[in-house]
Amino acid sequence: MTDEELKIHEGYMRRALELAIKGAGRVNPNPLVGSVVVKDGRVVSEDYHHEIGGFHAERNALMHCRDEDAVGADLYVTLEPCCHTGKTPPCTDIIIEKKIRRVFVGAGDPNPKVAGESWSRSVSTSMPSSSTTSRPEPPMSSANLRKPWTGR
């Protein structure tokens, strides 16, 4: 990945971070999370986690995205997607369903119900992994942007 490409990825992740802040005061004890869907170099959808018990950022962004825009798109999300059912369905399910090509994650989720399991889930499906790791780097690190979570 060139420095120019890295700057582009960082820009999308920064936008996801800006979106995440919109949930401040409404999602506690859950983390603030933002998500951006990009296809062919343009943002086709973006959203954030609005309220406790509501859909997570990546699900919100993908639900507002036309199917043809989602297939083969990249997803930028500030926190590792959940892979368990709680008050909402797993975000990994909609990522797989919408045929997202790559997911760029700002930070791993320390929640023991998630904590790297998103990577395991991607490997256990038919989705090929372009690059995986069980120990994500800190948010906005160049290592994270160089290693997408999954590819299709």
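Residues numbered from 1 in each chain as written. Predicted model: local features only at pLDDT ≥ 70, side-chain atom pairs only at ≥ 80, totals over all residues. Heavy atoms only, no water.

## Some points on the overall build of the chain
Counting its secondary structure elements, the chain contains six helices and four strands. What you see in the chain, going N to C, is helices and strands ordered as α-β-β-α-α-β-α-β-α-α. Relative to its full complement of 152 residues, the chain shows a buried share of 48%. For the chain, contacts bridging at least 24 residues in sequence account for 67% of all contacts bridging at least 6. (Helix = DSSP H or I, 4+ residues; strand = E, 2+ residues; numbered from the N terminus. Buried < 20%, exposed > 50% of the residue type's maximum accessible area, 1.4 Å probe, protein only. Contact = heavy atoms within 4.5 Å.)

## Here's the deal with the pattern of salt bridges
Summed over the entire model, instances satisfying the criterion amount to seven salt bridges. Residue Arg-15 is joined to Glu-46 by a salt bridge in which the shortest nitrogen-to-oxygen separation is 2.6 Å. You can see Arg-15 sitting in helix 1 (residues 3–21) and its partner Glu-46 sitting in strand 2 (residues 42–48), a full 31 residues away along the chain. Among the ionic contacts, a cluster of salt bridges with common partners joins Arg-42, Arg-66, Glu-68 and Asp-69. (Salt bridge = Lys/Arg side-chain N within 4 Å of Asp/Glu carboxyl O.)

## Digging into the pairing of strand 1 (residues 34–39)
For strand 1, the buried fraction is high: six of the six residues fall into the buried class. By the alternation rule, side chains of strand 1 split into Gly-34, Val-36 and Val-38 and Ser-35, Val-37 and Lys-39, which are all buried. As paired elements, strand 1 and strand 2 share six bridges and run antiparallel to each other. Within strand 2, the position partnered with Val-37 by the bridge is Ser-45. In this antiparallel pair of consecutive strands, strand 1 and strand 2, the connection spans two residues, and Asp-40 shows a positive phi of 55°. Of the pairings in the sheet, the one linking strand 1 to strand 3 (residues 74–77) comprises four bridges and is antiparallel in character. Each residue of the ladder has a partner; that of Val-37, found in strand 3, is Leu-75. (Pairing = 2+ DSSP bridges.)

## Quick look at the confidence of the model for the chain
When pLDDT is averaged along the chain, the result is 78; 71% of the residues meet or exceed 70. Every residue in residues 123–152 is under pLDDT 50, and counting partners more than four places away or in other chains gives 81 contacts. (pLDDT = per-residue confidence, 0-100.)

## Brief notes about the side chain of Ser-35
By the element assignment, Ser-35 lies in strand 1. A polar contact of 3.3 Å, which involves the side chain of Ser-35, links it to the backbone oxygen of Tyr-76. Non-local contacts of Ser-35, meaning those with residues more than four positions away in its chain, are made with Ala-16, Leu-19, Glu-46, Asp-47, Ala-57, Glu-58, Ala-61, Leu-75, Tyr-76 and Val-77. (Polar contact = N/O pair within 3.5 Å; in protein donor to acceptor, adjacent residues only side chain to side chain.)

## Remarks on the layout of surface pockets
The computed volume of the second largest pocket comes to approximately 150 Å³. Every residue lining the second largest pocket is counted, 14 residues in all, and those nearest its centre are Val-38, Asp-40, Gly-41, Asp-74 and Arg-101. A total of four residues in the lining of the second largest pocket trace back to one element, the largest contributor, which is helix 1. Looking at the lining of the second largest pocket residue by residue, the class counts come to five nonpolar, three polar and six charged. (1 Å grid on protein atoms, 1.4 Å probe; cavity = no way out; pocket = protein on both sides within 12 Å on 5 of 7 lines; lining within 4 Å. Points joined across faces, edges and corners; volume = space filled by probe spheres on them. Nonpolar A, V, L, I, M, F, W, Y, C, P; charged D, E, K, R; others polar.)

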